[in-house]
2 protein chains.
Amino acid sequence: MADEHDHQSCPMDSLLRLLMGSWTTYILWLLGSEGTLRFGQLKALMPKISSKVLTERLRHLERAGLVHRDYRPTIPPAVSYSLTERAHELREVLQGLNEIALRWQKEDEQRALSA
Amino acid sequence: MADEHDHQSCPMDSLLRLLMGSWTTYILWLLGSEGTLRFGQLKALMPKISSKVLTERLRHLERAGLVHRDYRPTIPPAVSYSLTERAHELREVLQGLNEIALRWQKEDEQRALSA
DNA sequence: CTGTATCCGCGTGGATACTG
DNA sequence: CAGTATCCACGCGGATACAG
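Presented here is a report on the structure given in the accompanying data block. (Residues numbered from 1 in each chain as written. Chains lettered and ligands numbered in written order. Predicted model: local features only at pLDDT ≥ 70, side-chain atom pairs only at ≥ 80, totals over all residues. Heavy atoms only, no water.)

Okay, the pattern of salt bridges next. Tallying each qualifying case throughout the model produces 14 salt bridges over all chains. Look at the salt bridges and you will find they share partners, linking Arg86 of chain A together with Glu107, Asp108 and Arg111 of chain B into a network. (Salt bridge = Lys/Arg side-chain N within 4 Å of Asp/Glu carboxyl O.)

Here it is in structure tokens:
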């Protein structure tokens, strides 16, 4: 990475870029805790997201191989989404990140109180 | 996190948001591998960054407690930046993220070749 | 039900010029 | 040397409407 001066093409950076899209980590969290979910269920769990953005995020996650899309051409069509093995690997690391973030938050609150 | 429906206020999300600012991870990487650096040295190592953006990123990192700013009011002034203990904790997790990103990249290339 | 198609407003990054 | 001050352009997220 030290020799990669173009941050656009750094693998970790594009991964971060993907995760940073709004709603993205929340989608991963929902699919991880609730299991397989249909498009409409996901949308219902995120009342304020628009169809456009939800589709967008899911497509990106799919391209990155983090989410599996199952399309059943019934009428009306049924589409369900689930996490792939990759996503589960990621969840472990993200869990570490989350623990750090929470710990720091507490530390900051402590320092704010004693100040 | 499951009960945190507002992604704006999720600690991990704001941490991701910070890391995602362009150049951010690269700044952390440079300070980690090169050690303490002065403003001008950092800028020289990132030829395409503007003073404005570099200052911006450093201020954010400073507020998050990831970077220490040392200001010497000499004439001309000398300002140097270094990583804090927090940043080193973060580097471990980021290292994990980087390994995953690299591995996936290789896997994807493999699949692209065999297709 | 599961999306596309548009349009729009805002934030963010980048370029340039200037300062203590 | 180490920034600040502007200005601009672009992309992204959000809202709305519509379609297979």
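All names here are of chain A. Most of helix 2 (residues 24-34) sits inside the fold, with eight of its 11 residues counted as buried. Listing the buried residues of helix 2 in full gives Thr24, Thr25, Tyr26, Ile27, Leu28, Trp29, Leu30 and Leu31. Just downstream of helix 2, glycine 35 is the residue with a positive phi angle, here 85°. (Buried < 20%, exposed > 50% of the residue type's maximum accessible area, 1.4 Å probe, protein only. Helix = DSSP H or I, 4+ residues; strand = E, 2+ residues; numbered from the N terminus.)

A few words now on the side chain of threonine 25 of chain B. Summarising the element assignment, threonine 25 of chain B is placed in helix 2 (residues 24-34). Judged by relative accessible area, which is 6%, threonine 25 of chain B ranks as buried. In terms of polar contacts, threonine 25 of chain B uses its side chain to reach the side chain of aspartate 13 of chain A, at 2.7 Å. Once you skip the residues sitting within four places of it in the chain, threonine 25 of chain B turns out to touch Met12, Asp13 and Leu16 of chain A together with Leu19 of chain B. (Polar contact = N/O pair within 3.5 Å; in protein donor to acceptor, adjacent residues only side chain to side chain. Contact = heavy atoms within 4.5 Å.)

Residue proline 76 of chain A is bonded to the preceding isoleucine 75 of chain A through a cis peptide linkage, with omega at 0°. Secondary-structure assignment places proline 76 of chain A in the loop between strand 2 (67-72) and strand 3 (78-83). Within the chain, tryptophan 23 of chain B stands out as a residue other than glycine whose phi angle is a positive 80°. Relative to the helices and strands, tryptophan 23 of chain B is located in the loop between helix 1 (11-20) and helix 2.

Moving on to the interface of chain B and chain A. With 35 residues of chain B in contact, the opposing surface of chain A contributes 35 residues. Approximately 3,900 Å² of surface area, both sides summed, lies buried where chain B meets chain A, with 70% of it carried by carbon and sulfur atoms. For the chain B face of the interface with chain A, the top three residues by lost area are Met20, Arg86 and Trp104 of chain B, together amounting to 18%. Applying the counting criterion to the chain B and chain A interface returns six salt bridges. The shortest N-O distance in the salt bridge between arginine 86 of chain A and aspartate 108 of chain B comes to 2.9 Å. Summed over the shared surface of chain B and chain A, the number is 10 residue pairs in polar contact (both at pLDDT 80 or more). Counting only elements with at least two residues in the side of chain B that touches chain A, the list comes to helix 1, helix 2 and helix 5 (85-113) of chain B. Split by residue class, the side of chain B that touches chain A holds 21 nonpolar, six polar and eight charged. (Buried area = accessible area lost by both parts, 1.4 Å probe. Nonpolar A, V, L, I, M, F, W, Y, C, P; charged D, E, K, R; others polar.)

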